[in-house]
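Listed here are the chains, written in short residue letters.
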Amino acid sequence: MIRMRVALVRELGAPEVLGPAERPDPVAGPDEVVIDVSDVDTLVETQIRSGAFRDNFPVVPPYVPGGCAR
């Protein structure tokens, strides 16, 4: 099984809560596509990881920023 490397948020907080992890490569379902991403904007993800905007982004650690590979 091919696996992709991800940054896993283990708990809300500073950058130190990020850690490397592996997840199965995503597989497209019917009428879906998988897009290879090489660059992302991290400003909003950084704020979400810190615990800001909980009313709008109720994420629960552990999670992968971007919402793709949980």
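Keep in mind that this is a model prediction, so the values were computed, not measured.

**A closer look at unusual backbone geometry**
In this structure, proline 62 follows proline 61 across a cis peptide bond, with omega equal to 0°. Counting through the fold element by element, proline 62 comes out in the segment after helix H1 (43–50). Positioned with a positive phi, aspartate 31 is a non-glycine residue whose angle comes to about 60°. Relative to the helices and strands, aspartate 31 is located in the loop between strand S2 (18–24) and H1. Looking at aspartate 31, the relative accessible area reads 85%, which means it is exposed. The phi torsion at phenylalanine 53 lies on the positive side, around 60°, for a residue other than glycine. Mapped onto the elements of the fold, phenylalanine 53 is located in the segment after H1. The exposure class assigned to phenylalanine 53 is partly exposed, which follows from its relative accessible area of 41%.

**Regarding the pattern of salt bridges**
Counted by the stated rule, this structure contains one salt bridge. Residue arginine 3 is joined to glutamate 22 by a salt bridge in which the shortest nitrogen-to-oxygen separation is 3.5 Å. Of this pair, arginine 3 sits in strand S1 (residues 3–9) while glutamate 22 is found in strand S2, placing the two residues 19 residues apart along the sequence. Its relative accessible area of 39% is what places arginine 3 among the partly exposed residues.

Criteria and thresholds
Residues numbered from 1 in each chain as written. Predicted model: local features only at pLDDT ≥ 70, side-chain atom pairs only at ≥ 80, totals over all residues. Heavy atoms only, no water. Helix = DSSP H or I, 4+ residues; strand = E, 2+ residues; numbered from the N terminus. Buried < 20%, exposed > 50% of the residue type's maximum accessible area, 1.4 Å probe, protein only. Salt bridge = Lys/Arg side-chain N within 4 Å of Asp/Glu carboxyl O.

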